[in-house]
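One-letter residues, chain by chain:
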Amino acid sequence: PIPTYGEPKPGCTVVTPGWRRLNLLMYLNEGWREEWGGSFELWETDPRYSFLQYSKKVLPELNRIAIFSVTDVSIHGHLDSVNHPHGEARKSLSFYYYTPTIDDEPLITPLLHESVYMPGHAALRSVERWRTMVPKYTVR
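Residues numbered from 1 in each chain as written. Predicted model: local features only at pLDDT ≥ 70, side-chain atom pairs only at ≥ 80, totals over all residues. Heavy atoms only, no water.

K.L.:
What is the right way to read the overall build of the protein from this model?
P.N.:
Within the protein, the regular secondary structure consists of 2 helices and 8 strands. Along the protein, from the amino end to the carboxyl end, the secondary structure elements read β-β-β-β-β-β-β-α-α-β. Buried positions account for 36% of the 140 residues belonging to the protein. Here the analysis covers contacts within the protein between residues at least 6 apart in sequence; of these, 81% occur between residues at least 24 apart. Total accessible area computed for the protein in this model is approximately 8700 Å², and 58% of it derives from carbon and sulfur atoms. (Helix = DSSP H or I, 4+ residues; strand = E, 2+ residues; numbered from the N terminus. Buried < 20%, exposed > 50% of the residue type's maximum accessible area, 1.4 Å probe, protein only. Contact = heavy atoms within 4.5 Å. Areas by Shrake-Rupley, 256 points an atom, 1.4 Å probe, with all protein chains shown as cover.)

The structure is reproduced here in structure tokens:
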């Protein structure tokens, strides 16, 4: 049986084969520098969202892969605005793994499950943020 996703947003149709469980991001940027922004970030929290802690930062360099599970507490995104000196975009491929159910994962609620991005991320974007915001771990 196909899982129930709740009501789709107006004008949208749910076409995914189930519940997104894993994201794999592969970066295609040769010679990318940290000050050009666009680094992938993971933030830690709990099911009540009682705290947010900047945990990991991955620079989007050629052939680098980031894999993470998609749950209600896997907050991620890229808050460092892309600031390439020649206006080039950050390039990546995204792959997703789906399962037909979420019965085995206590950190996924049975509502329409989507990726959870850093709350208020657009207001926090900056080309200088990378200098002052320091995660626990950085993959360079």
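K.L.:
Looking at this model, I keep getting lost on the confidence of the model for the protein. Mind explaining?
P.N.:
Any segment with low pLDDT has predicted coordinates that should not be analysed in fine detail. Per-residue pLDDT for the protein has a mean of 78; in total, 66% of the residues score no lower than 70. Within the protein, strand 7 (residues 116-117) has the poorest average pLDDT of any element, 52, and strand 4 (residues 65-69) the best, 92. pLDDT under 50 marks residues 1-5. Its contacts with residues more than four places away, or in other chains, come to 10 contacts. (pLDDT = per-residue confidence, 0-100.)

K.L.:
How should the nonpolar core be read in this particular structure?
P.N.:
As a rule of thumb, soluble globular proteins bury nonpolar side chains together. In terms of nonpolar packing, the biggest core is built from 7 residues, these being Leu-25, Tyr-27, Phe-40, Val-58, Ala-66, Phe-68 and Val-70. Elements with a minimum of two residues in this core: strand 1 (19-27) and strand 4. Non-local contacts of Tyr-27, meaning those with residues more than four positions away in its chain, are made with Phe-40, Pro-60, Glu-61, Leu-62, Asn-63, Arg-64, Arg-90, Lys-91 and Ser-92. (Core = buried A, V, L, I, M, F, W, Y, C linked by side-chain atoms within 4.5 Å.)

K.L.:
What is the right way to read the sheet that holds strand 1 from this model?
P.N.:
In a beta sheet, neighbouring strands pair by backbone hydrogen bonds and run either parallel or antiparallel. Within the open sheet, the 3 strands sit side by side as 4-1-6. Their pairing is antiparallel. The sheet terminates laterally at strand 4 and strand 6 (92-99), the two strands that pair on one side only. Taken over all neighbouring pairs, the strand axes of this sheet differ in orientation by 15 degrees on average, direction set aside. For strand 1 and strand 4, the ladder comprises 5 bridges, and the chain directions are antiparallel. Among the inter-strand pairings, Leu-24 is bridged to a residue of strand 4, identified as Ile-67. (Pairing = 2+ DSSP bridges. Axes fitted to C-alpha atoms, helices over the stretch in contact; angles between N-to-C directions.)

K.L.:
What is the right way to look at a nonpolar patch on the surface in this model?
P.N.:
Among the surface-exposed residues, Leu-22, Ile-65, Ile-67 and Tyr-97 lie close enough to one another that they form a single nonpolar patch of about 400 Å² accessible area. Inspection of the secondary structure assignment puts Ile-65 in strand 4. A relative accessible area of 46% means that Ile-65 is categorised as partly exposed. (Patch = residues over 30% accessible without salt bridge, like charges linked within 9 Å, V, L, I, M, F, W, Y side chains within 5 Å. Salt bridge = Lys/Arg side-chain N within 4 Å of Asp/Glu carboxyl O.)

K.L.:
Explanation requested: unusual backbone geometry in the structure shown.
P.N.:
A negative phi angle characterises most non-glycine residues, just as the trans form characterises most peptide bonds. With a phi angle near 70 degrees, Asn-63 is a residue other than glycine that sits in the positive phi range. Relative to the assigned elements, Asn-63 resides in the loop between strand 3 (53-58) and strand 4.

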